[in-house]
Amino acid sequence: MNLEVPLNAQYIRNIITGAQGIQDHIVHFYHLSALDWVDIVSALKADVKATVKLANKLSPWPDNGFNELKAAQQRLKTLVDSGQLGVFSSGYWGHPAMKLPPEVNLLAAHHFLQALEYQRNINKVVAILGSKTPNIQNLAVGGVANPIDPDSQSTLTVERLYYIKTLIDEIGDFIKNVYMVDVAAVGALYPDWTTYGAGVTNYLSVPTMPLDPAGTKFALPGGYIPGDISKFKPITSFNDEYFEKNVKESIKHSWYKGDWDRHPYEEETVPDYSEYDDKGKYSWVKSPTFEGEHAQVGPLANVLCMYASGHKPTQKYTKILLDTANGVLSLVGSKTRVSINSLHSTIGRIAARSVRTAVLHDELINQWQLLVDNIGKGDYKTFNKPVFPKGEQRGFGFHEAPRGMLSHWVVIQDGKIKNYQCVVPSTWNAGPRNSKDALGPYEASLIGNPIADPDKPLEVLRTVHSFDPCIACAVHMVDSKRKEIVNIRAF
Amino acid sequence: MNVLVLGIGNILLSDEGAGVRAVEEFRNRYDCPDTVEIVDGGTVGFELLPYFEDRSHILILDAVNTGNKPGTIVRIDDPPAFLQKKISPHQIGLADVMGIAVITDNMPQNIALFGIEPKELSIGLELSPEVARNLSQLVDMVVEELKAIGIKVQAKNQQF
């Protein structure tokens, strides 16, 4: 369609992208995956004074004082004493694979509580611009539905813009002095986990945050790493042919009708359930490939591609993270050291997410400034009306979402949708074996994972959670029989 | 007095959305004073937390799987105790939101869950006949509960 998107609309979309990514990554670490590594019950045994001392060595964060940590410990104690662990009820407390000292557990639990507040405030940015979160309502083909008019109170006003700036600014210290430090410390204290869970080391990521109306320049680069970081190939525009030509999906092992490898424009999605057969069809997820091979997507892929393309902030924060982790290793007297190669691992995926959060935060400040400067020039435009041409049109759109690279593919015939296929991040990572029977990222990453107790396969959860899976969000029903619904088979 | 009436569920999955359908019906049939806020919580999780703050009472409406006949209505008086098991690996569910409300001291003294047993959970915008038939009973229960805590709701003059 060659439709251009006004600059203001690009910046507003970019600010939403950045704020949503930050919120999602913080929640993923503290609220969805930290409890695979942090033993909440053990935090009760922590010596609060020793915790304060440790915290001061790790970070200049001002809210790690004695009274605050004591209060956090008391809060946990009340919860544990009540016998109702609530949000912590499904943790594997006392599991042999839990290795952090009580003081680190207390510090992490304290930050778990603080992170609740920070994630909520940065999410307000998404809500202000997008009207609603997480399912924003302001996107339109050709721009955004956020009118800008300095003479009207009912549009995106200067007051709203400065409120957004305040929300962006106040989370910066938390990201750099708490989140990144906690991730580095947890990683350093579980050094063996930098050697498990690499899985598929082809990485795919797309450029994000366009800086011009045509979408040819981007704030954050993307591309493809075919196994070796030195062979990085950039993806450079929304019309990138290299990307468009090389995405395919296989359904050899998926419960869809047929057995083919097809390009998304030519695909169909016809469910065809049969028995679970680990030699045949065994998954509802299709198996996407890039250049005929599985690829891992997500913050690790994004960070490695940005790093490989020479993106300075990514290189800076990767170095800070690795230096912090090595500092912790030397603090505890370990001879192990981590490098960028340690990122190909379960802990690496978690670590890369914090690097990406810091990069997004810097870029968020930049995008806000670009928006304000552009409005200052008298440009209030946020929408170009699209015109759908006659005949058959094919097109795709991609986005570097918090869980990784997302692409939608559409065929439009005379103004009506003829085919629409989504190839989403968790499909890339969770996909079953492809038509050549090669293992997808989840499956490959579990090979070699240790399991201390087959009845409590915490280690499997660690690796699967490190991908930030998005596969069970449709049912919200209450089950009064309170039976164990999640049944994980160890293998 | 500061009351939240919260409907939860996915309206794209038939009876899964019963809680949301019930708050829609409640809103259509009654006018409430400013001390009551009615919220369609849909399928969101964490974003519900701010709605829990500073409440005296929370009334949650949701589809509840009790193993009873479809359309059966139940009242659960201590939902946090009840929802001990985490069922979803990434989406923060109602149980987690309540769990977090507990540790952050945002849990009101009075919280109750009013549930209806679902029948159909496949893709569809319509409720099953069994659930649709009993939905107004669920709404009546909420009205009764509000009355019991001293809040008067006013039936709207319905024009057909």
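Not measured: the values here are computed from a predicted model. (Residues numbered from 1 in each chain as written. Chains lettered and ligands numbered in written order. Predicted model: local features only at pLDDT ≥ 70, side-chain atom pairs only at ≥ 80, totals over all residues. Heavy atoms only, no water.)

1. Considerations on the overall build of chain B
- For chain B, the count of helices and strands is 5 helices and 7 strands.
- Starting at the N terminus, the α and β elements of chain B follow one another as β-α-β-β-α-β-β-α-α-β-α-β.
- Dimensions of chain B along its principal axes, counting C-alpha atoms only, are 45 × 35 × 25 Å.
- Residues classed as buried in chain B amount to 57% of the 160 residues present.
- Counting only contacts in chain B whose residues sit at least 6 apart along the sequence, the fraction spanning at least 24 positions is 79%.
- Carbon and sulfur atoms provide 47% of the accessible area of chain B, an area that totals close to 7000 Å².
- Once the 13 positive and 23 negative side-chain charges of chain B are each reduced to a mean point, those two points are 5 Å apart. (Helix = DSSP H or I, 4+ residues; strand = E, 2+ residues; numbered from the N terminus. Buried < 20%, exposed > 50% of the residue type's maximum accessible area, 1.4 Å probe, protein only. Contact = heavy atoms within 4.5 Å. Areas by Shrake-Rupley, 256 points an atom, 1.4 Å probe, with all protein chains shown as cover. Lys, Arg positive; Asp, Glu negative; His and termini not counted. Charge placed at Lys NZ, Arg CZ, Asp CG, Glu CD.)

2. Comments concerning the sheet that holds strand β7 (residues 233-235) of chain A
Residue and element names in this part refer to chain A.
- Strand order across the open sheet formed by 3 strands is β3-β6-β7, with antiparallel pairing between neighbours. The sheet terminates laterally at β3 (202-205) and β7, the two strands that pair on one side only. Across the sheet, the mean angle separating the axes of adjacent strands is 20 degrees when strand polarity is ignored.
- Here 4 bridges tie β3 to strand β6 (residues 222-226), and the two strands are oriented antiparallel to one another. Along β6, the bridge assignment pairs Tyr203 with Ile225.
- Packed on one face of the sheet, helix α7 (residues 299-308) meets β3 and β6 and runs near 85 degrees to β3. (Pairing = 2+ DSSP bridges. Axes fitted to C-alpha atoms, helices over the stretch in contact; angles between N-to-C directions.)

3. Some words on the pattern of salt bridges
- Counted under the stated rule, the structure contains 25 salt bridges over all chains.
- Here Lys279 of chain A and Asp278 of chain A are joined by a salt bridge, their closest N and O atoms 3.9 Å apart.
- Of the residues examined, Lys279 of chain A reaches a relative accessible area of 70% and is grouped as exposed.
- Notably, a salt bridge pairs Glu130 of chain B with Lys119 of chain B, separated by 3.2 Å at the nearest N-O pair. Here Glu130 of chain B is found in helix α5 (residues 129-148), whereas its partner Lys119 of chain B is found in the loop between β6 (110-116) and α5, with 11 residues between them in sequence.
- Its relative accessible area of 22% is what places Glu130 of chain B among the partly exposed residues.
- In the salt-bridge network here, residues are joined through shared partners; they are Glu266, Glu392, Arg394 and Lys418 of chain A. (Salt bridge = Lys/Arg side-chain N within 4 Å of Asp/Glu carboxyl O.)

4. Quick look at the packing of aromatic side chains
Residue and element names in this part refer to chain A.
- For the structure shown, the criterion picks out 29 aromatic pairs over all chains.
- Taking the centre distance of 4.8 Å and the plane angle of 45 degrees together, the rings of Tyr442 and Phe467 count as tilted. Residue Tyr442 is found in helix α11 (residues 441-446), and its partner Phe467 is found in the loop between α12 (458-465) and β14 (478-479); the two are separated by 25 residues along the sequence.
- For Tyr442, a relative accessible area of 10% translates into the label buried. (Phe/Tyr/Trp six-rings, centres within 6.5 Å; stacked < 30°, edge-to-face > 60°.)

5. Overview of the sheet that holds strand β10 (residues 287-290) of chain A
Residue and element names in this part refer to chain A.
- The antiparallel open sheet is built from 3 strands, whose spatial order is β9-β8-β10. Single-partner strands in this sheet number two, and they are β9 (261-262) and β10.
- Both strand β8 (residues 247-250) and β9 contribute to a ladder of 2 bridges, which runs antiparallel. Residue pairing for β9: Glu249 is matched across the bridge by Arg262.

6. Things to note about the confidence of the model for chain A
- Here chain A shows a mean pLDDT of 92. Residues at 70 or above account for 95%.
- This stretch, residues 482-491 of chain A, has a pLDDT under 50; its non-local contacts, to residues over four places away or in other chains, come to 15 contacts. (pLDDT = per-residue confidence, 0-100.)

7. So, the nonpolar core
- Of all hydrophobic cores here, the largest spans 129 residues; its most connected members are Ile26, Phe88, Val125 and Phe174 of chain A together with Phe52 and Ile60 of chain B.
- The leading source of residues in this core is helix α5 (residues 158-189) of chain A, at 16 residues.
- Beyond its immediate chain neighbours, meaning those up to four positions away, Ile60 of chain B contacts Leu6, Ile8, Leu94, Met98, Ile111, Ala112, Leu113 and Phe114 of chain B. (Core = buried A, V, L, I, M, F, W, Y, C linked by side-chain atoms within 4.5 Å.)

8. Focus: the packing of helix α1 (residues 7-33) of chain A against helix α9 (residues 346-376) of chain A
Residues and elements named next belong to chain A.
- Running from N to C, α1 and α9 point in directions that differ by 155 degrees, and their axes come no closer than 8 Å. In terms of orientation, α1 lies roughly antiparallel with respect to α9. Once α1 is placed against α9, the crossing between them reads as left-handed. (Parallel < 35°, antiparallel > 145°, perpendicular 65-115°, else oblique. Left-handed = near helix turned anticlockwise from the far one by under 90°.)

9. Quick look at the packing of α5 of chain A against α9 of chain A
Residues and elements named next belong to chain A.
- Following both chains from N to C, one finds α5 and α9 inclined at 165 degrees, their axes separated by 10 Å at the closest point. The orientation of α5 relative to α9 falls into the category roughly antiparallel. Pair α5 / α9 crosses with left-handed handedness.
- Grouping the constituent residues of the contact of α5 with α9 by class yields 19 nonpolar, 5 polar and 5 charged. (Nonpolar A, V, L, I, M, F, W, Y, C, P; charged D, E, K, R; others polar.)

10. Quick look at a nonpolar patch on the surface
All names here are of chain A.
- Among the surface-exposed residues, Met1, Val141 and Phe388 lie close enough to one another that they form a single nonpolar patch of about 290 Å² accessible area.
- Note that Val141 resides in the loop between β1 (139-140) and β2 (143-144).
- Relative accessible area serves as the criterion here: at 47%, Val141 is assigned to the partly exposed category. (Patch = residues over 30% accessible without salt bridge, like charges linked within 9 Å, V, L, I, M, F, W, Y side chains within 5 Å.)

11. A closer look at the environment of Asn146 of chain A
All names here are of chain A.
- The residue Asn146 is located in the loop between β2 and α5 in this model.
- With a relative accessible area of 7%, Asn146 lands in the buried category.
- Between the alpha carbons of Asn146 and Gln23 there is a distance of 22 Å; along the sequence they are 123 residues apart.
- Apart from the residues lying within four places of it in its own chain, the contact partners of Asn146 are Ile12, Leu129, Asn138 and Thr382.
- A distance of 2.8 Å separates a polar atom in the side chain of Asn146 from a polar atom in the side chain of Asn138. (Polar contact = N/O pair within 3.5 Å; in protein donor to acceptor, adjacent residues only side chain to side chain.)

12. So, the pairing of β6 of chain A
Residues and elements named next belong to chain A.
- In terms of burial, β6 is largely enclosed, as 4 of its 5 residues are buried.
- Alignment of β6 against β7, held across 3 bridges, turns out to be antiparallel. For Gly222, the partnering residue across the bridge sits in β7 and is Ile235.
- The hairpin turn running from β6 into β7, its antiparallel successor, is 6 residues long, and Gly227 in that turn takes a positive phi close to 85 degrees.

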